[in-house]
Amino acid sequence: MAPHSAFDRAGVQSDRIADLFWTYFDISALVFVLVLGALVVAVFRRTRPDAPERSVPSVEAERPKRRAVGIATAFTVVTLIAMLFLSVKTSRALASLGTKDAISVSVVGHKWWWEFQYPASVAGLHFTTAYEMHIPVGRPVEVKLESHDVIHSFWVPSLHGKRDAIPGKKGSLVLQADRPGRYEGQCAEFCGLQHANMRFVVVAESDEDFKKWLAHSLTPAVTPDDPVKLQGQEVFMKSRCSVCHAISGTDAFATVGPNLTHLASRRELAMGTLPNTPGHLAGWIVDPQSTKPGVPMPGTPLPPEELNALLTYLRSLE
Ligand code: CUA
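**Details of the packing of aromatic side chains**
Centre-to-centre distance and the angle between the planes together describe a pair of aromatic rings.
Stage number 1. Applying the stated criterion to the full structure yields 14 aromatic pairs.
Stage number 2. On the numbers, 5.4 Å between centres and 35° between planes, the contact of phenylalanine 7 with tryptophan 22 is tilted. Here the residue phenylalanine 7 occupies a position in the segment before α1 (12–47), and tryptophan 22 occupies one in helix α1, the gap between them amounting to 15 residues.
Stage number 3. Looking at tryptophan 22, the relative accessible area reads 36%, which means it is partly exposed.
Stage number 4. Consider the rings of phenylalanine 116 and phenylalanine 200, whose centres lie 6.0 Å apart with planes at 55°: the pair is tilted. In this pair, phenylalanine 116 sits in strand β2 (residues 113–118) while phenylalanine 200 sits in strand β10 (residues 199–205), placing the two residues 84 residues apart along the sequence.
Stage number 5. Its relative accessible area of 0% is what places phenylalanine 116 among the buried residues.
Stage number 6. Among the residues examined, phenylalanine 200 registers a relative accessible area of 0% and is labelled buried.
Stage number 7. Site record: aromatic cluster; members linked through ring pairs are Phe7, Phe21, Trp22 and Phe25.
Stage number 8. A cation over an aromatic ring shows up here: lysine 162 above the ring of tryptophan 155, its NZ or CZ 4.5 Å from the ring centre.

Here you go:
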């Protein structure tokens, strides 16, 4: 996956933020050049061989200098006020993307993963998923933020600025993707050992693909159709897995960890730290601590046959 970048703008909100950034950059560059230019002129005049000897300055001689300082001060004040005005204007514009025709998604930050809840108003029935947040292109999405434990910060640089997810407090932002793509997101508030790996992906797709994804997400997990998968499901239910994870359509309904109903359809595991392959999945189940020290998920050593069956079952959860 391409690394996320606020310069890779993909929506109206990120456009506004990037425009403000470049305006600030231009102004700052101009000020930098002017200040350095003034410095060079001053040094040059000081070191000229024919520079006048320093003497007690007269009021007359001081006048042009005072005028220069006055003009520079006025210029600074005007520049700062203009920048403040631009900043406020951008903030207002960011808040102006209304929720008319918007879909709404609840986002819950956990140590160290992101949960996405799609309400019945969007999907027909409520469902929960993790890591991959799908949205339709060209439509505002109201992200309702909360946190399960500590302060996290929801940030998809290509789509919007940062917004904190604070325990006990509801926050929100409205974003919109104007072109399809997979946009990487990142927790942007230090929240513990695995903060840097608290990633997620926003998948922006056409309305049609989004509806397909919603419909697919609502389907319960496939029922195992062969003895190995069936054994895998049994292992899942009897081992620690079902204590924390849910798979809809089965007796596993815990909400401590990410919902695994469609685990195999995600491209990455462990919040984007591992590619979703059988080998990485096996390593993750057996020893998650070596990949992500500190994660609440304990290692689950299993006899090879059971591990193989569990993998076969989990890999079938598309
Ligand atoms: Cu969650 Cu940093």
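**Some points on the sheet that holds strand β3 (residues 127–130)**
Stage number 1. Read from one edge of the open sheet, 5 strands run β3-β2-β1-β5-β8, paired in mixed fashion. Across the chains shown, the open sheet's two edge strands, defined by having one partner strand only, are β3 and β8 (171–175). Each neighbouring strand pair of the sheet contributes to a mean axis angle of 25°, computed without reference to strand direction.
Stage number 2. Here helix α4 (residues 207–218) sits on the sheet in contact with β1 (103–110), β2 and β3, set at roughly 105° to β3.

**Remarks on the side chain of histidine 152**
Stage number 1. Among the secondary structure elements, histidine 152 is positioned in strand β6 (residues 152–155).
Stage number 2. Taking the relative accessible area as the measure of exposure, histidine 152 reaches 0% and is therefore buried.
Stage number 3. A distance of 2.8 Å separates polar atoms of two side chains, one belonging to histidine 152 and the other to aspartate 149.
Stage number 4. If sequence neighbours within four positions are ignored, histidine 152 has contacts with Gly109, His110, Lys111, Trp114, Ser147, Arg163, Asp164, Ala165, Cys187, Glu189, Cys191 and Met198.

**Here we look at a nonpolar patch on the surface**
Stage number 1. Together, Leu30, Val31, Leu34, Val35 and Phe75 give the surface a local cluster of nonpolar side chains, amounting to about 440 Å² of exposed area.
Stage number 2. In terms of residue count, the dominant contributor to the nonpolar patch is α1 (4 residues).
Stage number 3. Its location among the elements puts leucine 30 in helix α1.

Reading the values: the criteria
Residues numbered from 1 in each chain as written. Predicted model: local features only at pLDDT ≥ 70, side-chain atom pairs only at ≥ 80, totals over all residues. Heavy atoms only, no water. Phe/Tyr/Trp six-rings, centres within 6.5 Å; stacked < 30°, edge-to-face > 60°. Helix = DSSP H or I, 4+ residues; strand = E, 2+ residues; numbered from the N terminus. Buried < 20%, exposed > 50% of the residue type's maximum accessible area, 1.4 Å probe, protein only. Lys NZ or Arg CZ within 6 Å of the ring centre and 35° of its normal. Pairing = 2+ DSSP bridges. Axes fitted to C-alpha atoms, helices over the stretch in contact; angles between N-to-C directions. Contact = heavy atoms within 4.5 Å. Polar contact = N/O pair within 3.5 Å; in protein donor to acceptor, adjacent residues only side chain to side chain. Patch = residues over 30% accessible without salt bridge, like charges linked within 9 Å, V, L, I, M, F, W, Y side chains within 5 Å. Areas by Shrake-Rupley, 256 points an atom, 1.4 Å probe, with all protein chains shown as cover. Salt bridge = Lys/Arg side-chain N within 4 Å of Asp/Glu carboxyl O.

Take it as geometry only, folks, not as evidence of what the structure does.
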